[in-house]
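Remarks on the overall topology
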Amino acid sequence: MSNAASIQTTMMRLAEVYGAASEPFLEGQARRLGEALGLFERLYGPGPVDVFRAPGRVNLIGEHTDYNHGYVMPMALDKDILLLVRPREDGLVRLQNVETAFEARVFQIGPDIPPRPAGDWANYAQGAAQLLAREWGPTLKGFDGLVDGRPPWGVPRGSGLSSSSALTVAVAMALVALNRLPLSGPRLADACGRAEWYVGTRGGIMDQFISILAQRDHALFLDCRPRTPSGEYYYEQVPIPPGYRVVVVDSRTKHLNTGPLFNRRVAEGRIGVRLLQRAYPHITHLRDVGDIPWEDLEPLLPEVITAEALRAQGIDPVAILEAGRDPETDVFFVRRRCRHVWYENRRVLESVRALQRRDTATFGALISAAHASARDDYEISTPAIEALVEAAQAAPGCLGARITGAGWGGCIVALVEAGAVADFEHFVKEAYRARTGLEAEAFICRSAPGAGRIFSTTL
Ligand code: NG1
C-alpha cells in the first residue's frame with residue numbers, strides 16, 4: 001500500500017474508533033499512533049504489533065456509591081491510553097512507556113507477582129496479570145509492550161479521570177486477546193475491578209465498567225450490585241441530550257496520598273452496615289437500606305464513634321479497615337458518610353429518569369446537590385475544588401457542577417449549554433485564577449466508545 005493510502009486507511013479507522021471527530025483531532029491521533037509505532041519498532045524491532053486503547057472516564061453522578069453496591073453514571077472520555085503489544089512465547093511482560101519519566105519494567109506473569117513500591121506505574125499491569133493468572137491459570141503468555149498516555153490525548157493522571165483503570169483495562173484486554181481467554185464485557189470489567197485491588201485501594205467497579213462498556217454520546221447507568229455470583233450486572237446506556245455539553249475542569253491540584261483516606265471512607269460505610277444489621281440483619285451493603293426512610297436509619301448511626309467504642313460493641317474496626325492503621329486514635333464519622341451514600345443513590349436514579357425525559361434542569365440541580373453532599377457529608381472536597389465549583393455554578397450556561405472522582409483534588413464536571421461553553425470556560429478560569437492563583441484546564445467531554453483492539457499491523 002502506498003504511504004498516502006495507508007495514512008488514508010489509518011484516518012478512516014481512527015474516525016471509526018473516535019466517531020465523527022474533527023479533522024485536527026483525527027490528524028493528531030494519527031500522528032500520535034505513527035510516533036508510538038515508530039518508537040515500538042526502535043525498541044523491539046520489526047514484526048507484528050497490536051494496538052489496544054482504553055478510555056478514561058468522568059463520573060457524572062454517583063460518587064463513592066460503587067463499593068457500597070449502589071448506582072453510578074459515568075461517561076467515557078475520548079482521552080485514552082494506548083497499549084502497543086507484540087506477543088511473547090514465554091510469560092514475561094516487558095513494558096516501556098513513551099514518557100521517559102516512567103521507567104521500563106519487566107515482570108513474570110503468575111499468581112503471586114511481588115508488588116512494586118506504592119505509586120509504581122507497573123503495579124497496574126501486574127495487578128491485571130496476577131488476577132488473570134489466578135483465575136485462568138498461571139501459564140499465560142506475556143508480551144512486549146509500549147504504553148502511550150501522553151497529553152493531550154492521554155488520560156490526565158491523578159485528576160480523578162481514571163487513568164489507572166484505563167491502564168489496568170488495556171493490559172487485561174491485551175492479555176485476554178493474546179491468550180484467547182473467553183472473557184469480555186461485564187465479566188472482564190468485573191475482573192479488572194478486582195485486579196486493581198492489587199495496588200492497595202478497595203475501589204469499586206465503576207471505572208473498569210465504563211472503560212469497557214462505553215458507547216459514544218451516552219453515559220452508563222450501572223447498578224454495582226452483582227445480580228449473580230458470576231459477576232452479572234444491570235446497566236443501561238443513557239443518552240446525553242443534544243444541545244448540552246459535559247465540561248470537565250481540572251483544578252490542577254492533586255492529592256497524591258488518597259489511599260488511606262479512600263479506604264477510611266470504605267470502612268465507615270462498612271461500619272454503618274454492621275450497626276444497621278442489628279435492626280436489619282439481612283443487609284450486606286448500604287445499598288440494601290435504600291428503601292427504608294433515612295429518618296428511620298439515622299438514629300441507628302452515631303455521628304462519630306471511636307475505635308474503642310466500636311470494639312466495646314463487638315465490632316473490630318481493624319478487621320473492617322483491612323489495612324487499619326493506628327486504630328487507637330481513629331474516629332469514624334458513620335452517620336454523615338452513610339447519609340451521603342443513601343441520598344446519592346437516589347440522586348443517580350432520579351438523574352437517569354431526568355435524562356430519559358431530557359429534563360436537563362433537574363439533572364443539573366441533582367449534580368449540584370451531589371456536590372454539596374460530597375463536600376459536607378463525605379468530606380472529599382478541598383478549598384481549590386470549592387473555588388472551582390462555586391465559579392462553575394455561577395458561570396453562564398451552567399446547569400450544575402460538582403467534584404468528580406474519588407476527591408481531595410482533581411477535576412470537577414459541569415453540564416453546560418452547548419452555545420455557552422466558551423463563555424463558561426472563560427468565566428471559570430478567570431474566577432479560579434483570581435481566588436487561588438492557579439490555572440485551571442477545561443475540556444469538553446466528547447464521549448468515546450469502550451476499550452478494545454483498534455489496530456493491527458506489521459512493522
Ligand atoms: P478515581 O476517581 O479513579 O480515584 C475511585 C474508585 C471508583 C469510585 C470513585 C469514587 C478505583 C479504581 N476507583 O475513582 O471505583 O469508588 O473513586 O466514586 O478505586
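Before reading on, note that the structure itself is shown above.
This structure is a prediction, so every number in the text was calculated from the model and none was measured.

1. Brief notes about the overall build of the chain
- A count of helices and strands for the chain gives 14 helices and 14 strands.
- Computed over the C-alpha atoms, the radius of gyration of the chain is 22 Å, within 12% of the 23 Å expected from 2.2 N^0.38 for a compact globule of 459 residues.
- Each principal axis of the C-alpha distribution contributes one length, and for the chain these read about 70 × 55 × 40 Å.
- Taking all 459 residues of the chain together, the buried fraction comes to 57%.
- For the chain, the exposed area adds up to about 18,700 Å²; of that, 52% sits on carbon and sulfur atoms.
- Of the side chains in the chain, 50 bear a positive and 54 a negative charge, and the two mean positions are spaced by 3 Å.

2. Some points on the nonpolar core
- Grouped together as the largest cluster of nonpolar side chains are 77 residues, with contacts concentrated most on Val58, Leu60, Met73, Leu83, Phe143 and Phe363.
- The element contributing the most residues to this core is helix H4 (residues 163–178), with 10 residues.
- Beyond its immediate stretch of four places on either side in the chain, leucine 60 contacts Met73, Pro74, Met75, Ala219, Ile240, Val246, Phe363, Ile367, Arg402 and Val413.
- Counting 54 residues, the second-largest nonpolar core is a separate cluster that includes Ile271, Ile320, Ala392 and Ile444.

3. So, the site of the ligand
- Around the ligand there are 17 residues in total, and Glu63, His64, Asp66, Asp207 and Ala406 lie nearest to it.
- Interatomic distance of 2.6 Å between a side-chain N/O atom of glutamate 63 and an oxygen atom of the ligand.
- Within the side chain of serine 162, one N or O atom sits 3.3 Å away from an oxygen atom of the ligand.
- With three residues, helix H6 (residues 206–213) is the largest single contributor of residues to the shell around the ligand.
- Of the residues that constitute the shell around the ligand, the class distribution is four nonpolar, eight polar and five charged.

4. Remarks on the sheet that holds strand E11 (residues 398–404)
- Reading across from one edge, E11-E12-E8-E13 is the order of the four strands in this open sheet, with antiparallel pairing throughout. On the outer flanks of this sheet lie E11 and strand E13 (441–444), each paired with one strand and no other. Each adjacent strand pair in this sheet contributes to an overall mean axis angle of 20°, direction not counted.
- Where strand E8 (residues 244–250) lies against E13, four bridges are found, and the strand directions are antiparallel. Across the sheet, residue valine 247 finds its bridge partner in E13, namely isoleucine 444.
- Helix H12 (residues 360–376) rests against E8, E11 and strand E12 (411–417) of the sheet, and its axis sits at about 35° to E11.
- This element, helix H13 (residues 383–394), spans E8, E11 and E12 of the sheet and lies at about 165° to E11.

Reading guide: rules and limits
Residues numbered from 1 in each chain as written. Predicted model: local features only at pLDDT ≥ 70, side-chain atom pairs only at ≥ 80, totals over all residues. Heavy atoms only, no water. Helix = DSSP H or I, 4+ residues; strand = E, 2+ residues; numbered from the N terminus. Rg over C-alpha atoms; globule rule 2.2 N^0.38 Å. Buried < 20%, exposed > 50% of the residue type's maximum accessible area, 1.4 Å probe, protein only. Areas by Shrake-Rupley, 256 points an atom, 1.4 Å probe, with all protein chains shown as cover. Lys, Arg positive; Asp, Glu negative; His and termini not counted. Charge placed at Lys NZ, Arg CZ, Asp CG, Glu CD. Core = buried A, V, L, I, M, F, W, Y, C linked by side-chain atoms within 4.5 Å. Contact = heavy atoms within 4.5 Å. Near = heavy atom within 4 Å. Polar contact = N/O pair within 3.5 Å; in protein donor to acceptor, adjacent residues only side chain to side chain. Nonpolar A, V, L, I, M, F, W, Y, C, P; charged D, E, K, R; others polar. Pairing = 2+ DSSP bridges. Axes fitted to C-alpha atoms, helices over the stretch in contact; angles between N-to-C directions.

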